[in-house]
Amino acid sequence: MGQKINPIGFRVGVIRDWDAKWYADKKEYVPALQEDLRIRKYLETNLKDAAVDRITIERTEPTRINLTIHTAKSGIVIG
């Protein structure tokens, strides 16, 4: 029997990029990760009809977050 691998993890760095781009120290890592998970859950529940493909989170400063939402129906996200 073959070994099972995650297809996203297998492609990261080759043909696909990370879904979150940030670095935090040990004290700041867990709160930042929990905030990312809350953001993703909120967007997935409120944008069910928008056909969201991918959400990319970038933290450029400690208080600044850039969200990139890849969607097929951008009018639903904007409206």
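Counting restarts for each chain: residues are numbered from 1 in the order of the written sequence. Only residues with pLDDT of 70 or above have their local features reported here, since the model is predicted, and side-chain atom pairs are shown and tallied only from 80 upward, although totals for entire chains, interfaces and linings are computed over all residues. To get the side-chain values, all heavy atoms of the structure are used, and hydrogens and water are removed first.

Undergrad: Explain the nonpolar core here, please?
TA: Generally speaking, nonpolar side chains in soluble globular proteins are found buried as a group. In terms of nonpolar packing, the biggest core is built from 6 residues, these being Ile 39, Leu 43, Leu 47, Ala 50, Ile 55 and Ile 57. For this core, the secondary-structure elements that each account for two or more residues are α2 (26-46) and β2 (52-61). For the purposes of this section, nonpolar cores are sets of buried Ala, Val, Leu, Ile, Met, Phe, Trp, Tyr and Cys residues that join through side-chain atoms within 4.5 Å. Accessibility here uses a 1.4 Å probe with only protein chains present; expressed as a share of the type maximum, an area under 20% marks a residue as buried, one over 50% as exposed, and anything in between as partly exposed. Here a helix means four or more residues in a row that DSSP labels H or I, a strand means two or more in a row labelled E, and each is numbered from the N terminus.

Undergrad: Help me understand the pattern of salt bridges in this model?
TA: By definition here, a salt bridge exists when the distance from a side-chain nitrogen of Lys or Arg to a carboxyl oxygen of Asp or Glu is within 4 Å. If you walk through the whole model with that rule in mind, you get 3 salt bridges. Measuring nitrogen to oxygen at the nearest pair gives 3.2 Å for the salt bridge that ties Glu 35 to Arg 59. Here Glu 35, found in helix α2, pairs with Arg 59, found in strand β2; they are 24 residues apart in sequence, far enough to count as distant. The class of Glu 35 is partly exposed, set by a relative accessible area of 29%. Because the salt bridges share partners, they merge into one network encompassing Glu 35, Asp 36 and Arg 59.

Structural measurements only, silent on function.
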